[in-house]
Amino acid sequence: MINNINKIKFKTTPYHYNLLKDTERLYALYEAISHVKGDLLYDLGTGCGVLSYFAANNFEKIIAIEKNYKSYLSAKENLKEFNNITVVNDDVLSFKFNEKADYIICEMLDTGLIDEEQILVLNNAIDYLKDINNIIPKGVINILEPILMENASLVYEDVDNNYLKYEVIGDSKILNIIYFKNKIKKEISEEITFTISKNSNFNALKFTTITIITDNLVCGPTPMLNPPLFIPLNNEVSVVKNSKIMIYLSYIMGGGLDTIKTKINEIY
Ligand SMILES: C[S@@+](CC[C@H](N)C(=O)[O-])C[C@H]1O[C@@H](n2cnc3c(N)ncnc32)[C@H](O)[C@@H]1O
């Protein structure tokens, strides 16, 4: 089925066209979806319907939910040949589930899960899953690096913005690993200590998210799956080689980029 992706003419919005062009993202999701089957699948945030298309022959019934009306219309068109797929134009946060599914697919990811509703949506849907291990993707690994950035600003390094100038000035640290198999607290508040590797100035963090697609497959960042996010600090400080710097970082998952707060706590 993946080979057909380049041949079939999927109806898309410009955003979903970019998602479809990101073959690394698509192949990783296809690899996971092609190995699962069951009676019922929920595809949450179906977009143009491509993930339901991958799953169509493996499930008795698929309910594909999309809140954006234009995307819903394209999914409906793209999936019209499959009698077992119902495409619904609704917000998953208010959708009334009434049946437990064998699997949930939910790709509403973004770097750090800060700006999209992945966590809120899964918290609302997880009670309607027979086995909480059956969510694709399974989770994310969030990584931070201290950097010196030219014109430090809150920006993604994505398809439209790949000429950012910066250098990494210390070690990378895992901020957290989030598995989507329980209801998850949306507030993140962490202290991270970096060891600085060169005499430099320090003015921003590079935030990288790797997606755990299955227990055996991780992916990204890719151009459209969690591109690195740069987070400027409130002030620029000079640091010396081998010094330690403790940063406080907080944000609300699903709350948007405006919820990000940073503070330099200590340099020693
Ligand atoms: C990153 S796109 C992925 C689309 C598709 N699943 C794919 O992998 O190509 C996420 C989609 O989720 C939809 N979405 C976001 N929040 C939603 C919500 N609360 N309820 C339903 N759809 C939502 C967006 O409109 C968007 O189409």
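The coordinates are above.
Residues numbered from 1 in each chain as written. Predicted model: local features only at pLDDT ≥ 70, side-chain atom pairs only at ≥ 80, totals over all residues. Heavy atoms only, no water.

*Asks:* Is there a simple way to think about the sheet that holds strand E5 (residues 135-136) in this case?
*Replies:* Ordered in space as E3-E2-E1-E4-E5, the five strands form an open sheet in which the pairing is parallel. If you trace the sheet from one side to the other, it starts and ends with strand E3 (85-89) and E5, each paired once. Across two bridges, the pairing between strand E4 (residues 103-106) and E5 is parallel. Each bridged residue has a counterpart across the sheet, and for Ile105 the counterpart in E5 is Ile136. Packing against the sheet, helix H4 (residues 69-78) makes contact with strand E2 (59-66) and E3, and its axis sits at approximately 165 degrees to E3. (Pairing = 2+ DSSP bridges. Helix = DSSP H or I, 4+ residues; strand = E, 2+ residues; numbered from the N terminus. Contact = heavy atoms within 4.5 Å. Axes fitted to C-alpha atoms, helices over the stretch in contact; angles between N-to-C directions.)

*Asks:* In this structure, what is going on with the site of the ligand? I would like to understand it.
*Replies:* Taken together, 19 residues lie near the ligand, and Arg25, Gly45, Glu66, Asp91 and Glu117 sit nearest. Between the ligand and Gly45 there is a distance of 2.8 Å, counted from a nitrogen atom to a backbone nitrogen or oxygen. Here Glu117 contributes a side-chain N or O atom positioned 2.7 Å from a nitrogen atom of the ligand. Bound to the protein, the ligand loses 95% of the 600 Å² it would expose on its own. The cavity that encloses the ligand is the largest pocket. With three residues, the top contributor of residues to the shell around the ligand is helix H1 (residues 14-21). Looking at the shell around the ligand residue by residue, the class counts come to seven nonpolar, five polar and seven charged. (Near = heavy atom within 4 Å. Polar contact = N/O pair within 3.5 Å; in protein donor to acceptor, adjacent residues only side chain to side chain. Areas by Shrake-Rupley, 256 points an atom, 1.4 Å probe, with all protein chains shown as cover. 1 Å grid on protein atoms, 1.4 Å probe; cavity = no way out; pocket = protein on both sides within 12 Å on 5 of 7 lines; lining within 4 Å. Sits in = over half its atoms within 2 Å of the grid points. Nonpolar A, V, L, I, M, F, W, Y, C, P; charged D, E, K, R; others polar.)

*Asks:* Quick question: what am I supposed to make of the nonpolar core here?
*Replies:* It is characteristic of soluble globular proteins that their nonpolar side chains tend to be buried jointly. Within the largest apolar cluster, 83 residues are counted, with the highest numbers of intra-cluster contacts made by Leu44 and Phe180. Take this core: its biggest share by element is six residues, from helix H2 (residues 23-33). Counting contributing residues, this core receives three or more from each of domain 1 (2-107) and domain 2 (140-267). Those residues within four positions of Phe180 in sequence are excluded, and the remaining contacts are Leu109, Leu113, Gln118, Ile119, Leu122, Ile126, Ile132, Ile135, Pro137, Lys138, Gly139 and Val140. If you look at the next biggest cluster of nonpolar residues, it comprises five residues, including Ile147, Met149, Val155 and Ala204. (Core = buried A, V, L, I, M, F, W, Y, C linked by side-chain atoms within 4.5 Å. Buried < 20%, exposed > 50% of the residue type's maximum accessible area, 1.4 Å probe, protein only. Domains from an automatic or database assignment.)

*Asks:* Any chance you could explain the sheet that holds strand E10 (residues 187-195) here in plain terms?
*Replies:* Each strand in a sheet pairs with another by means of backbone hydrogen bonds, the pair being arranged parallel or else antiparallel. In space, the three strands of this open sheet follow the order E10-E14-E15, with antiparallel pairing throughout. Both edges of this open sheet fall to E10 and strand E15 (261-267), since each of them pairs with a single strand only. Adjacent strand axes in the sheet meet at a mean angle of 20 degrees when their direction is disregarded. Bridge analysis of strand E14 (residues 244-252) against E15 gives six bridges, and the strand direction is antiparallel.

*Asks:* Explain the packing of aromatic side chains here, please?
*Replies:* Aromatic ring pairs: the centre-centre distance and the angle between the two ring planes describe each pair. Tallied over the full model, the rule gives eleven aromatic pairs. On the basis of an interplanar angle of 20 degrees and a centroid distance of 5.4 Å, the ring pair of Phe97 and Tyr128 is categorised as stacked. With a gap of 31 residues between them, Phe97 in the loop between E3 and E4 and Tyr128 in the loop between helix H5 (118-125) and E5 connect regions that are remote in the sequence. By relative accessible area, Phe97 is classed as buried at 6%. Residue Tyr128 is classed as partly exposed on the basis of its relative accessible area of 28%. Counting every residue linked through ring pairs, the aromatic cluster contains Phe10, Tyr30, Tyr53, Phe54 and Phe82. One cation-aromatic arrangement involves Lys181 over Tyr179; the distance from NZ or CZ to the ring centre is 6.0 Å. (Phe/Tyr/Trp six-rings, centres within 6.5 Å; stacked < 30°, edge-to-face > 60°. Lys NZ or Arg CZ within 6 Å of the ring centre and 35° of its normal.)

*Asks:* Explanation requested: the layout of surface pockets in the structure shown.
*Replies:* Gaps left between atoms show up when a probe the size of a water molecule is rolled over them. Looking at the largest pocket, its volume works out to about 530 Å³. Residue lining of the largest pocket: 29 residues in total, with Tyr15, His16, Gly45, Glu66 and Met108 positioned closest to the centre. For the lining of the largest pocket, the elements supplying multiple residues, two or more each, are H1, helix H3 (50-55) and E2. Considering every element that reaches the lining of the largest pocket, the biggest residue donor is H1, with four residues. When the residues that make up the lining of the largest pocket are grouped by side-chain class, the tally is twelve nonpolar, eight polar and nine charged. In terms of residue count, H1 provides more of the lining of the second largest pocket than any other element does, three residues in total. In terms of residue class, the lining of the second largest pocket is made up of eight nonpolar, three polar and six charged. (Points joined across faces, edges and corners; volume = space filled by probe spheres on them.)

*Asks:* Help me understand empty space enclosed by the protein, please; the structure alone is not making it clear to me.
*Replies:* The final tally for this structure, using the stated rule, is one cavity of 30 Å³ or more. Tallied by class, the residues present in the lining of the largest cavity amount to five nonpolar, two polar and no charged.

*Asks:* Explain the side chain of Thr111 to me, please; I cannot follow it from the model alone.
*Replies:* Secondary-structure assignment places Thr111 in the loop between E4 and H5. If sequence neighbours within four positions are ignored, Thr111 has contacts with Tyr156, Phe207, Thr209, Asn226, Pro227 and Leu229.

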